[in-house]
Amino acid sequence: MFFASDNAGPVHPAIMEKLATANAGYALPYGNDPLMDEVREKIRDIFEAPEAAVYLVATGTAANSLALATLTQPFETIFCSPLAHIHEDECNAPEFYTGGAKLTLVPGGDKMTAESLRETIAGEQTRGVHGPQRGPVSITQITERGGVYSLSEIQDLAEVAQSFGVPVHLDGARFANALVALNCSPAEMTWKAGVDAVSFGGTKNGCMGVEAVILFNQDKAWEFELRRKRGAQLFSKHRYLSAQMAAYLTDDLWLSLARKSNDACASLREKLVAAGVEIAWGGTANMIFPRFSRAAHQRLHEAGALYNMWDGELQGANPEEMLTARLVCDWSASDENTDRFIEILNG
């Protein structure tokens, strides 16, 4: 009953097999391996972007931070939701990699609105040399509350950004989960909607540790390469990143794994609702936030269920106090474990 995070799930066997195959013999370092050529062309094909610049790094934090650093000057500010992953979960890495650019939080919840974004951007770059200049907009897809931006919502945000002449970055650590939920193409969710750069996640969807950064405009490609090297993310034995991504993209494995995790979350949501559980947020993709009593939380933890408490403490005076859980399904989640979770929850 492991629902703590999708980044704690196992690596898919096809990816492990590809790593073993890539381990034979020798390969040129630093991304000059033949597998990287294959990956680059596959991503360009999948995104319908034949001129896109494609790079691999090992972590989502590096992917986001290096992409944003390439789009942002140190004297600029990045616009994002108060619940954006780059704000909540990256230990100021975007600020560090950009050389001190700040984050400006767009008022609201986990999803920015075009109106709020417009008002927030308009409020910056108003003090001349004394204040931060307008920088890129960063969208977390899916959000930290399990929400999914629709295509029209992304387009509306991008239109606002374009009206101020600033680029758009998409943090796609769970890119595949969002794509499956929206039933659209990668191009429709990115450059066709006005996105300039994407962090295309693999680690949370069955890979060992690899993320792609895709720049749809080649003008910043060389700068990204320099920043990747300076940021200690240019792997010498790069073929082990390439192998993961090559297997991930073969025969639409990345989509199959995302469907499995999304379907597991949908099943979990359905069974929770049937048990009378209130759902606070999420459930469209592979993350859900149900609320149930402290006593139920205690039963689940005692039985070995692993997940994150989103509010409140496991131990407390009132066993009936309602507390929120954060449950995330990965590609390997099973009906057996879901059913066991519901059984214990019901007492």
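In the block above lies the structure referred to throughout.
This text gives an overview of the structure that appears in the document. If you're wondering where the values come from, they're calculated on a predicted model, not measured in any experiment. (Residues numbered from 1 in each chain as written. Predicted model: local features only at pLDDT ≥ 70, side-chain atom pairs only at ≥ 80, totals over all residues. Heavy atoms only, no water.)

Observations regarding unusual backbone geometry
Turning to step 1, where the next piece is worked out: The omega torsion across Gln141 and Ile142 is 5°, close enough to zero to call that bond cis.
Turning to step 2, where the next piece is worked out: Structurally, the position occupied by Ile142 is in the loop between strand S4 (133–140) and helix H7 (151–163).
Turning to step 3, where the next piece is worked out: One non-glycine residue, Glu48, adopts positive backbone phi at about 55°.
Turning to step 4, where the next piece is worked out: Mapped onto the secondary structure, Glu48 falls in the loop between helix H2 (34–46) and strand S1 (53–57).
Turning to step 5, where the next piece is worked out: Notably, Asp252 is not glycine yet its phi reads approximately 60°, a positive angle.
Turning to step 6, where the next piece is worked out: Mapping Asp252 onto the fold places it in the loop between helix H11 (239–249) and helix H12 (253–274).
Turning to step 7, where the next piece is worked out: Judged by relative accessible area, Asp252 falls into the partly exposed class, the value being 43%. (Helix = DSSP H or I, 4+ residues; strand = E, 2+ residues; numbered from the N terminus. Buried < 20%, exposed > 50% of the residue type's maximum accessible area, 1.4 Å probe, protein only.)

A closer look at the side chain of Arg44
Turning to step 1, where the next piece is worked out: Looking at where Arg44 falls in the secondary structure, it is placed in helix H2.
Turning to step 2, where the next piece is worked out: Using a relative accessible area of 17% as the deciding quantity, one classes Arg44 as buried.
Turning to step 3, where the next piece is worked out: Here Glu41 takes part through its side chain, which lies 3.0 Å from a polar atom of the side chain of Arg44.
Turning to step 4, where the next piece is worked out: When residues no more than four places from it in sequence are discounted, the contact partners of Arg44 are Ala49, Pro50, Glu51, Ala52, Val54 and Gln218. (Polar contact = N/O pair within 3.5 Å; in protein donor to acceptor, adjacent residues only side chain to side chain. Contact = heavy atoms within 4.5 Å.)

Let's talk about the sheet that holds strand S8 (residues 278–282)
Two strands in a sheet stick together by hydrogen bonds in their backbones, pointing the same way (parallel) or opposite ways (antiparallel).
Turning to step 1, where the next piece is worked out: Taking strand neighbours across the sheet as the criterion, the four strands line up as S8-S9-S11-S10 in an open arrangement whose pairing is antiparallel. Strand pairing shows two members of the sheet lacking a second neighbour, S8 and strand S10 (308–309), which therefore form its edges. (Pairing = 2+ DSSP bridges.)

Side note on the packing of H12 against helix H14 (residues 335–346)
Turning to step 1, where the next piece is worked out: H14 packs onto H12 with a crossing angle of 20° between their chain directions and a minimal axis gap of 10 Å. Taken together, the axes of H12 and H14 lie roughly parallel to each other. Here the hand of the crossing between H12 and H14 comes out right-handed. Residues Ser267, Leu268, Lys271 and Leu272 of H12 lie in contact with H14, whose contacting residues are Asp335, Thr338, Asp339, Phe341, Ile342 and Leu345.
Turning to step 2, where the next piece is worked out: Among the residues making up the contact of H12 with H14, the classes are represented as five nonpolar, two polar and three charged. (Axes fitted to C-alpha atoms, helices over the stretch in contact; angles between N-to-C directions. Parallel < 35°, antiparallel > 145°, perpendicular 65-115°, else oblique. Left-handed = near helix turned anticlockwise from the far one by under 90°. Nonpolar A, V, L, I, M, F, W, Y, C, P; charged D, E, K, R; others polar.)

A closer look at the packing of aromatic side chains
Turning to step 1, where the next piece is worked out: In this structure the tally under the stated criterion is 13 aromatic pairs.
Turning to step 2, where the next piece is worked out: An angle of 75° between the planes, with centres 5.3 Å apart, marks the rings of Phe3 and Phe341 as edge-to-face. Of the two residues, Phe3 is situated in the segment before helix H1 (13–22) and Phe341 in helix H14; the sequence distance between them amounts to 338 residues. Of the two residues examined, Phe3 and Phe341, each falls in the buried class.
Turning to step 3, where the next piece is worked out: Note on Phe47 and Phe216: the rings are 6.1 Å apart at their centroids and 50° apart in plane angle, and the pair reads as tilted. One end of the pair, Phe47, is in the loop between H2 and S1; the other, Phe216, is in the loop between strand S7 (211–215) and helix H10 (221–230), and 169 residues separate them in sequence.
Turning to step 4, where the next piece is worked out: Its relative accessible area of 1% is what places Phe47 among the buried residues.
Turning to step 5, where the next piece is worked out: Aromatic ring contacts, followed pair by pair, group Phe47, Phe175, Phe200, Phe216, Tyr248 and Trp254 into a single cluster.
Turning to step 6, where the next piece is worked out: Directly above the aromatic system of Tyr149 lies the positively charged group of Lys111, at a separation of 5.6 Å from the ring centroid.
Turning to step 7, where the next piece is worked out: The positively charged end of Arg145 is found above the aromatic ring belonging to Trp281, 3.9 Å away from the centroid. (Phe/Tyr/Trp six-rings, centres within 6.5 Å; stacked < 30°, edge-to-face > 60°. Lys NZ or Arg CZ within 6 Å of the ring centre and 35° of its normal.)

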